[in-house]
There are 2 protein chains.
Amino acid sequence: MATRTIAQRREDARTQYDAFLAGCPSRQLLARISDKWVALILAALGGDGPSSGDHCDDNPQPLRYSELSRRLAGVSQKMLTQTLRSLERDGLVDRIVTPTVPTTVTYRLTDLGLSLHHLMRGIKDWAELHMNDVLANRENYDLRDSGR
Amino acid sequence: MATRTIAQRREDARTQYDAFLAGCPSRQLLARISDKWVALILAALGGDGPSSGDHCDDNPQPLRYSELSRRLAGVSQKMLTQTLRSLERDGLVDRIVTPTVPTTVTYRLTDLGLSLHHLMRGIKDWAELHMNDVLANRENYDLRDSGR
DNA sequence: CAGGATCCCGCTAGATACTG
DNA sequence: CAGTATCTAGCGGGATCCTG
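Source: prediction; values computed, not measured.

Time to look at the protein's contact with DNA strand D. Residues in close proximity to DNA strand D total 14 residues, the closest being A:S66, A:T81, A:R95, A:Y107 and B:K78. When the atoms of DNA strand D within 4 Å of the protein are sorted by group, sugar and phosphate make up 70%. A:R64 places a polar side-chain atom, nitrogen or oxygen, 3.0 Å from a phosphate oxygen of DNA strand D. Between DNA strand D and the protein, one listed contact pairs a phosphate oxygen with a side-chain N or O atom of A:S66 at 2.8 Å. Counting residues per element, the ones that place at least two in the surface near DNA strand D are α4 (65-71), α5 (77-89) and β3 (104-109) of chain A together with α5 (77-89) of chain B. Element by element, the count of residues in the surface near DNA strand D is highest for α5(B), at three residues. Split by residue class, the surface near DNA strand D holds five nonpolar, five polar and four charged.

Before going further, it helps to examine the pattern of salt bridges. Scanning the entire structure with this criterion turns up ten salt bridges over all chains. B:R138 is the partner of A:D90 in a salt bridge, and the nearest nitrogen-oxygen pair spans 2.5 Å. Of this pair, A:D90 sits in the loop between α5 and β2 (93-98) while B:R138 sits in helix α7 (residues 131-147), which puts the two residues in different chains. Take A:D90: its relative accessible area is 2%, and that puts it in the buried class.

Next up on the list: the confidence of the model for chain A. Summary statistics for chain A give a mean pLDDT of 88 and a share of 86% for residues scoring 70 or more. Predicted confidence is poor over residues 50-54 of chain A, with pLDDT under 50, and the contacts of this stretch with residues over four places away or in other chains come to two contacts.

In this section: the interface of chain A and chain B. Each partner contributes residues to the interface: chain A has 61 residues there, and chain B has 61 residues. Summing both partners gives a buried area of about 5,700 Å² for chain A against chain B, and 65% of it is carried by carbon and sulfur. The largest per-residue losses of area from chain A upon contact with chain B belong to A:F20, A:R89 and A:W126, which jointly make up 15% of the total buried on that side. Where chain A packs against chain B, one counts four salt bridges. Put simply, chain A and chain B have 18 residue pairs in polar contact (both at pLDDT 80 or more) between them. Counting residues per element, the ones that place at least two in the side of chain A that touches chain B are α1 (6-16), α2 (25-33), α3 (36-45), α5, α6 (111-129) and α7 (131-147) of chain A. Counting residues per element, the side of chain A that touches chain B draws most heavily on α6(A), which supplies 13 residues. Here the residues of the side of chain A that touches chain B sort into 31 nonpolar, ten polar and 20 charged.

What follows is about the packing of α6(A) against helix α6 (residues 111-129) of chain B. Their axes nearest at 10 Å, the elements α6(A) and α6(B) cross at an angle of 160 degrees. Put simply, α6(A) runs roughly antiparallel to α6(B). For the crossing formed where α6(A) meets α6(B), the hand is left-handed. Residues A:L112, A:S115, A:L116, A:L119, A:M120, A:G122, A:I123 and A:W126 of α6(A) form the contact with α6(B), whose own contacting residues are B:L112, B:S115, B:L116, B:L119, B:M120, B:G122, B:I123 and B:W126. A per-class count over the contact of α6(A) with α6(B) returns twelve nonpolar, four polar and no charged.

Relative to chain B, chain A is turned by 180 degrees and slid 0.0 Å along the rotation axis, the superposed coordinates differing by an RMSD of 0.0 Å. Here the two chains are linked by the operation of a two-fold rotation axis. No C-alpha of chain A lies nearer the rotation axis than that of A:S34, which sits 2.3 Å from it. Of all interface residues in chain A, 100% are interface residues in chain B too; the two copies therefore contact each other through one and the same surface.

Another point: the pairing of β3(A). All names here are of chain A. Counting buried residues along β3, five of its six residues qualify, which places the element largely inside the surrounding structure. Sheet topology note: the strand β1 (residues 63-64)/β3 ladder contains two bridges and is antiparallel. Bridged to L63 within β3 is Y107. Bridging between β2 and β3 involves six bridges; their strand directions are antiparallel. In the strand pairing of β3, I96 is matched with T106. Hairpin connection between β2 and β3: a loop of five residues separates the two successive antiparallel strands.

Basis of the calculations
One numbering rule holds for all chains: residues counted from 1, following each sequence as written. To read the labels, note that chains go from A and ligands from 1, taken in the order they are written. Note on the predicted model: pLDDT of at least 70 is required for a residue's local features to be given, and 80 or more for side-chain atom pairs to be given and counted; whole-chain, interface and lining totals, by contrast, use all residues. The side-chain figures draw on all heavy atoms in the structure; neither hydrogens nor water molecules are used. The rule for a residue being near a molecule or strand is that one of its heavy atoms must lie within 4 Å of it. Any pair of nitrogen or oxygen atoms within 3.5 Å is treated as a polar contact; in protein, a donor-acceptor pairing is required on top of that, and neighbouring residues in sequence qualify only through side-chain atoms on both sides. Under the DSSP-based scheme used, a helix requires at least four consecutive residues in state H or I and a strand at least two consecutive residues in state E, with every element numbered from the N terminus. Only Asp, Glu, Lys and Arg are considered charged, only Ala, Val, Leu, Ile, Met, Phe, Trp, Tyr, Cys and Pro nonpolar, and every remaining residue, Gly among them, polar. Note on definitions: salt bridges are taken to be side-chain nitrogens of Lys or Arg within 4 Å of carboxyl oxygens of Asp or Glu. Remark: exposure states derive from per-residue accessible area (1.4 Å probe, protein chains only) relative to the maximum for the residue type, with buried under 20%, exposed over 50%, and partly exposed in between. Per residue, pLDDT captures the predictor's confidence, and it can take any value from 0 to 100. Residues are treated as being in contact if the distance between any of their heavy atoms lies within 4.5 Å. Accessible surface is computed with a 1.4 Å probe, and the buried area is the amount of it that two parts give up when combined, taken over both parts together. Angles run from 0 to 180 degrees between N-to-C directions of axes, and those axes are lines fitted to C-alpha atoms, restricted for helices to the stretch in contact. Convention used here: angles under 35 degrees read as roughly parallel, angles over 145 as roughly antiparallel, angles from 65 to 115 as roughly perpendicular, and any remaining angle as oblique. Each crossing gets its handedness from the near helix: less than a right angle anticlockwise from the far helix is left-handed, clockwise is right-handed. The copies are overlaid by a least-squares fit using only the C-alpha atoms of residues whose pLDDT is at least 70 in both copies. Pairing between strands is defined by DSSP: at least two bridges between the two strands are required.

Set out below in structure tokens:
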């Protein structure tokens, strides 16, 4: 089991899991990470400044709990904590507690989390980038629909 | 307004929309596409054969409604229809009705949908690929947690 | 075959209040 | 500051029945 190449392990994982199957654990994992809060948290922890250049600059800067809740406008503490916990459990983020008074807690992406971040960031960017197209498509669709 | 380059339009969209903001339409769009059924439908329509090679082969093959419901094991007709409708409305899939008896309906990705598919497929693959790591991380976390 | 229409349950997001 | 605990309303989503 130790004499497997990375490519072999890749193939193993591919054949072991199939998210198209209802009972497969990877389906549940897909459902977990297919979540707007997950996308936004990963984007925030991955370093997603509004003044970022056109080519992807990665500065995975750890953020404190309060900083996260400020960036993700409208998130409830419950959802933030809950989502962070599940991400921590899955090994996507590290929770670092600094024993000051009051306690300081920062979150940072693990390597695994960073690998997912690269994908999820694309999703968020896609949404912002194609918003206008989607809006236009919806208008067309609704007009057609009301016309007939 | 017609004399904008693609790069300029990119910048416009970036500055116009920000999914971190609660009221922004792109946040809603992000929530829409951050959905396991969306991920699976796009993956299915994008051509995601289990016997695919190691380098991404794109064969965006249109699928019929019944074929989709068979591939996405466990999906209810409601969710399938509902998700397909929203994807159609947003211009991500085309719904093609062939007036046979009984009616034949096929769904295929639009160019816009295909562009999202490339990203979403990565998410699904990531879930299957890193399932074992995540499982191990969870076990560790739960052990730690019960220990203290 | 490809849905539309309903009913209804569960859970989950969100608001509020409290704590170390 | 960084959460936990509790409660509730709302709706996501499944089951069922029906139609062109």
